[in-house]
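The residues making up each chain are set out below.
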Amino acid sequence: MNIKLKELKPRDFSTDYFQWINNNKVMQFTSFENKKTTRKNIINYIKSNYTDKHNYLFGIYYQNKHIGNIKAGNINYNHKTCELSYFLGDLENRRKGIMYKSIIRLIDQLHKSKKLLKFTAYTYAINKPSIKLLTKIGFKIEGRLKRHHNYNGKRRDILIFSYLKN
Ligand SMILES: CC(C)(COP(=O)(O)OP(=O)(O)OC[C@H]1O[C@@H](n2cnc3c(N)ncnc32)[C@H](O)[C@@H]1OP(=O)(O)O)[C@@H](O)C(=O)NCCC(=O)NCCS
């Protein structure tokens, strides 16, 4: 499977990227859901990650086409931890194992290059695809933040998943 991860630069912004971020069907269960974002905001977001060594934003490229993102955020070099967030923007390429392979690859990459050991992901307790994905990779539930976020008019629980590299 021809999957590549590439750190995003402002020039990697595209119309596809703009459409994913503004499409609720794509961004369901993420912090971008129910928000409208401008081209300028997205480019500034890419730029701010690109210039910050505590946040790395990667594009997932499949057959040389940008189809989604993974972010390693809040990197703590002292404790060797980071928080992962992700979406697969191109709906036609969902359910092909692309995010599964991309997360495993990113963990290996950050372990080798930045010596990171512990990877955490926050997910809505109702986000079954994400929970199944993380569990399949080997993430374990470490906690539950009860009624922590507003989602579709209700307070929702957030699950904290972690993966410890050994
Ligand atoms: C969650 C998401 C990233 C999965 O990406 P993907 O590339 O389609 O996932 P994969 O094909 O790698 O699937 C790996 C495993 O995840 C689980 N999974 C993925 N999508 C699923 C779905 N729609 N329903 C049930 N399980 C699902 C399965 O266990 C799957 O393994 P299997 O195919 O052997 O059963 C994608 O649905 C998405 O972008 N969702 C919206 C954004 C989001 O929820 N991000 C997480 C916020 S923390």
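These notes cover the structure that comes with them. Predicted model, so just to flag it, every value in this text is computed and none were measured. Just so you know, the residues in each chain are numbered from 1, in the order the chain's sequence is written. It should be noted that, the model being predicted, local features are given only for residues of pLDDT at least 70 and side-chain atom pairs only at 80 or more, the latter also being counted only at that level, while totals for whole chains, interfaces and linings use all residues.

1. A closer look at the site of the ligand
Applied cut-off: For each residue, a C-beta position is placed from the backbone atoms; the residue is near a molecule or strand when that point lies within 6 Å of it. Strands here are runs of E lasting at least two residues and helices are runs of H or I lasting at least four, both read from the DSSP assignment and numbered beginning at the N terminus.
Close contacts around the ligand come from 23 residues, with Arg-94, Met-99, Tyr-100, Pro-129 and Leu-133 the closest. By residue number, the principal contributor to the shell around the ligand is helix 5 (residues 128–137), which donates 6 residues.

2. With respect to the nonpolar core
Note the threshold: The nonpolar core is taken to be a set of buried Ala, Val, Leu, Ile, Met, Phe, Trp, Tyr and Cys residues joined by way of C-beta atoms within 7 Å. With C-beta atoms placed from the backbone, the exposure class of a residue follows from how many other C-beta atoms lie within 10 Å of its own: 20 or more, buried; 12 or fewer, exposed; in between, partly exposed. Placing a C-beta atom from the backbone of each residue, one calls two residues in contact when those atoms lie within 7 Å.
Within the largest apolar cluster, 27 residues are counted, with the highest numbers of intra-cluster contacts made by Phe-58, Ile-70, Leu-84, Ile-103 and Leu-106. Look past the residues within four positions of Leu-84 in its chain and what remains in contact with it is Ile-70, Ala-72, Ile-103, Phe-119 and Ala-121.

3. Some details on helix 4 (residues 98–114)
For the record, the criterion: By definition here, a helix of n residues has an expected span of 1.5 Å times n minus one. The directions from the helix axis to the C-beta atoms are what the arc is built from.
Over its 17 residues, helix 4 extends 23 Å from the first C-alpha to the last, a length consistent with the 24 Å expected when each residue adds 1.5 Å. If you check which residues of helix 4 are buried, you get Met-99, Ser-102, Ile-103, Leu-106, Ile-107 and Leu-110. Along the axis of helix 4, the buried positions cluster into a sector of 135°, meaning they face one direction only. Summarising the geometry of helix 4, the exposed residues directed more than 90 degrees from the buried face are Asp-108 and Lys-112. Positive phi appears at Lys-115, one or two residues downstream of helix 4, with a value of about 65°.

4. Examining the pairing of strand 5 (residues 118–124)
Both faces of the sheet carry side chains from a regular strand, because those side chains alternate between them. How we decide: Whether two strands pair comes down to DSSP finding at least two bridges between them. For a crossover, the right-handed case is the one in which the path from the first strand over the helix to the second runs clockwise, viewed with the strands pointing away from the viewer.
Where burial is concerned, the two faces of strand 5 differ: the one with Phe-119, Ala-121 and Thr-123 is buried and the one with Lys-118, Thr-120, Tyr-122 and Tyr-124 is not. Alignment of strand 4 (residues 81–88) against strand 5, held across 3 bridges, turns out to be parallel. Looking across to strand 5, one finds that Cys-82 is bridged to Phe-119. Crossover strand 4 to strand 5 through helix 4 is right-handed.

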